[in-house]
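So you can see what is in the structure, the chains are spelled out below.
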Amino acid sequence: MLSKPHMRPASLPFKLSPQRKPFTDIVGLELGAGLAQGVPAVRLRKRGETVELLAAGFLDLPDALPASAEDASTAQSVTWQLPKPFRAPHAALAVTSKLSFLRHSGGTAEDAEKRPSGFRQTSRVTANDLPPLIAGLPEFQAAWAARLLPEGHPPTACSLQISAAAAMSGFSLTPSFTKAPGCIIALLVFPEYTSLAAFQERHLVLYREYPAGTAHIRNAISAEMRIDGALADDVLEDTLVDPLPIIEPVLRPLFRQVEVSVDFLSRRRNCPVSHFFISGLTAGTRYWSAIFSRMLNQALTPCQPLEGLVNAAPAAALPADLNAAEPLLMAAAGAARTVLEDE
Amino acid sequence: MRAPLHLDLLSDDERFSSSPVRLRVMAPLISILSVLVSLVWWGLIALRINTAAGLRDTLKIEIDNLKPQHETILRLIAEEKEFSASLRQLAFYRNARLAFGDTLALLPEYVPENIQFTELRVLPPPPPPPPNPKKPELRNTNSLENVTARLIGRASGENASSSVNDLLLSLRSPALTNLFRSAEIPKGAFRQDVARGGASRDTLLFEINCTCLPRRFE
């Protein structure tokens, strides 16, 4: 693990660990998503090998990340109180920040010197012959997020992850992933970018981010058809208008990169990709699949973030249209699922 | 299954307990309280030990000071017991005293004229049997002492034999039974006096053993 520079609060000279046993009841929260619906939240409980969904939805809480250390110091007094259905003992936080990063390390001394200062970083080796994957978040944002949930009131933070990492880890725990053999590529679509994660025999061997997300599609449709964003999503779902000519220029560079990655995996790692998954799309999945199929001559299989969970939630603890909301819960669910499975 | 992609940025200092009872606050408090309670407890024990040691020393000095007086008291108690035992023995002897005087004063009235007493003796009591080490005595058996008085005399004249017999009967009469419970002439103790020649052939010598009332040492 790389260094994690951060300020230490006043504390006892020795560490009193609040909990060391595996977590069994976790609420996942995505901070900084900036959704109109609210803060994505998913509460999961593990019973044996089964993971149950206890609550899911969007919470009306202020989740705008501080843009600077000064903002963080003024916003330090803000704390959250979660509604009762989401009041698990512990919380896994996924942070969506424009300042965060998730990438493979160059593995060289020069690369180490290029590490940004004032960032909290962590890394993990995903494959023995590859450089480790590094996640980083500005220290002031990490400290702010960690103090949102005060001590002595459930939940308290037990994990802080980058949204892209949480979503990717969550995807790696879905049945679609675990049952698919061989080499797999997953496209995790966020509003501002799309993550490409390639797995060989369950191990992450390639991670890239490309600046093409749902917001770009929505903006392209809005600009072309001169409609607002909400209506653009309706266009993607309706069959009255064919938006393919509008969104293809946006998606083509992304899928071209996927094509390059497939070629790289096939040639360099002798790993022909057999399955392609996509997750995080709120609308227009069929257009993404159509363009993908046309360009790569491969099927793009949608994968829902809550796939494989046993629904044990009362109706009141779920959004009215869970299927429609599910892609927006990708990071929150992934963060919670990752902690539950991390023994 | 271990999640290989858990890239956790949370610092250890930021992992808090959700329990309202804060362990990191309560644990030091409980530790400090435990230490304080232990110290107070040890202090109390030390104080008690110190107090007990002081009391022990004081008592020791007092005991040393009272030792001569205690020995004096013990000696006096022993003397008192000895004197009490002597007094009790004296009382026993007083109670066991036999009054021979009145009876002996009456005796001349019952003695015929031809009888002369040559000896009147109260026989000493027989010695006690030697103690048997295999069967020790479990009780005091010396509370009674048999007393025997022996009358030795001579009778002369024609009726000497009947006079001795009269004397024997007199000794058994109610007037003298206050002292003598029985009187008898032992075998061979009634004989002719041959020691002084022919002149004394009509003189008879006799002995009468009178069993007196027992002496009761009570």
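So, here is what we can say about the structure in this document. Numbers given to residues run from 1 along each chain, matching the order in which its sequence is written. Note on labels: chains are lettered from A, ligands numbered from 1, in written order. In keeping with the model being predicted, local features are shown solely for residues with a pLDDT of at least 70 and side-chain atom pairs are shown and tallied solely at 80 or more, while totals for entire chains, interfaces and linings include all residues.

Section: the overall build of chain B
Now for step 1: Helix and strand definitions here come from DSSP, where helices need a minimum of 4 consecutive H or I residues and strands a minimum of 2 consecutive E residues; each element is numbered from the N-terminal end. Within chain B, the regular secondary structure consists of 3 helices and 7 strands.
Now for step 2: Secondary structure elements in chain B, listed N-terminal to C-terminal, are α-α-β-β-β-α-β-β-β-β.
Now for step 3: Partly exposed residues are those whose C-beta has more than 12 but fewer than 20 other C-beta atoms within 10 Å; with 20 or more the residue is buried, with 12 or fewer it is exposed, and the C-beta atoms are placed from the backbone. Looking at the 218 residues of chain B, the share that counts as buried comes to 13%.
Now for step 4: Restricting to contacts in chain B with at least 6 residues of sequence separation, those with at least 24 account for 79%. Contacts here follow a simple rule: the backbone-placed C-beta atoms of the two residues must lie within 7 Å.

Section: the sheet that holds strand E9 (residues 183-189) of chain A
All names here are of chain A.
Now for step 1: The strand order across the open sheet built from 5 strands is E11-E10-E9-E12-E13, with neighbouring strands paired in mixed fashion. Looking at which strands have only one partner, the edges of the open sheet turn out to be strand E11 (203-210) and strand E13 (301-302).
Now for step 2: Any two strands between which DSSP finds at least two bridges are classified as paired. Across 7 bridges, strand E10 (residues 194-200) lies against E11 in antiparallel orientation. Within the sheet, the bridge partner assigned to Leu-196 lies in E11 and is Arg-208.

Regarding the nonpolar core
Residue and element names in this part refer to chain A.
Now for step 1: Ranked by internal contacts, the top residues of the largest apolar core, which has 106 residues, are Ile-26, Ala-91, Leu-93, Leu-188, Ala-332 and Ala-336.
Now for step 2: The dominant element in this core, judged by the number of residues it contributes, is helix H11 (residues 330-341), at 8 residues.
Now for step 3: Dropping the residues within four chain positions of it, Ala-332 is found in contact with Gly-28, Leu-29, Glu-30, Pro-40, Ala-41, Val-42 and Ala-94. Here, a nonpolar core denotes buried Ala, Val, Leu, Ile, Met, Phe, Trp, Tyr and Cys residues that are linked to one another through C-beta atoms within 7 Å.

Notes on the packing of helix H8 (residues 244-268) of chain A against helix H9 (residues 285-296) of chain A
All names here are of chain A.
Now for step 1: For the pair H8 and H9, interaxial distance at closest approach is 9 Å and the crossing angle is 50°. If you check the angle between H8 and H9, you find them oblique. As H8 packs across H9, the resulting crossing turns out to be right-handed. Residue-level contacts link Leu-244, Ile-247, Glu-248, Leu-251, Phe-255, Val-258, Glu-259 and Val-262 of H8 to Tyr-287, Trp-288, Ala-290, Ile-291, Phe-292, Met-295 and Leu-296 of H9.
Now for step 2: Here the residues of the contact of H8 with H9 are counted per class, giving 13 nonpolar, no polar and 2 charged. Note on method: axes are straight lines fitted to C-alpha atoms, helices fitted across the in-contact stretch only, with angles between N-to-C directions ranging 0 to 180 degrees. To sort the angles, those under 35 degrees are grouped as roughly parallel, those over 145 as roughly antiparallel, those from 65 to 115 as roughly perpendicular, and the leftovers as oblique. By definition, any crossing whose near helix is turned counterclockwise from its far helix by less than a right angle is left-handed, and any crossing with a clockwise turn is right-handed. Note that Gly is not counted as nonpolar here; it falls among the polar residues with everything else outside the nonpolar set of Ala, Val, Leu, Ile, Met, Phe, Trp, Tyr, Cys and Pro and the charged set of Asp, Glu, Lys and Arg.

A word on the sheet that holds strand E7 (residues 133-138) of chain A
All names here are of chain A.
Now for step 1: In spatial order, the strands read E5-E7-E6; together these 3 strands make up an open sheet with antiparallel pairing. Every interior strand has two partners, whereas the edge strands, strand E5 (101-104) and strand E6 (119-124), have only one. Going from strand to strand, the sheet's axes swing by 20° on average, the running direction of each strand aside.
Now for step 2: Pairing geometry for E6 and E7, over 6 bridges, is antiparallel. Within the sheet, the bridge partner assigned to Arg-124 lies in E7 and is Leu-133.
Now for step 3: Along the sheet, helix H3 (residues 139-146) makes contact with E6 and E7, crossing E7 at roughly 80°.

Some details on the packing of helix H6 (residues 214-225) of chain A against H8(A)
Residue and element names in this part refer to chain A.
Now for step 1: Taken N-terminus to C-terminus, the directions of H6 and H8 make an angle of 140°; their axes are 9 Å apart at the nearest point. Relative to H8, the element H6 is oriented oblique. The interaxial crossing formed by H6 with H8 has right-handed handedness. Here His-216, Ile-217, Ala-220, Ile-221 and Glu-224 of H6 come into contact with H8, specifically with Ile-246, Ile-247 and Val-250.
Now for step 2: When its residues are assigned to classes, the contact of H6 with H8 shows 6 nonpolar, 1 polar and 1 charged.

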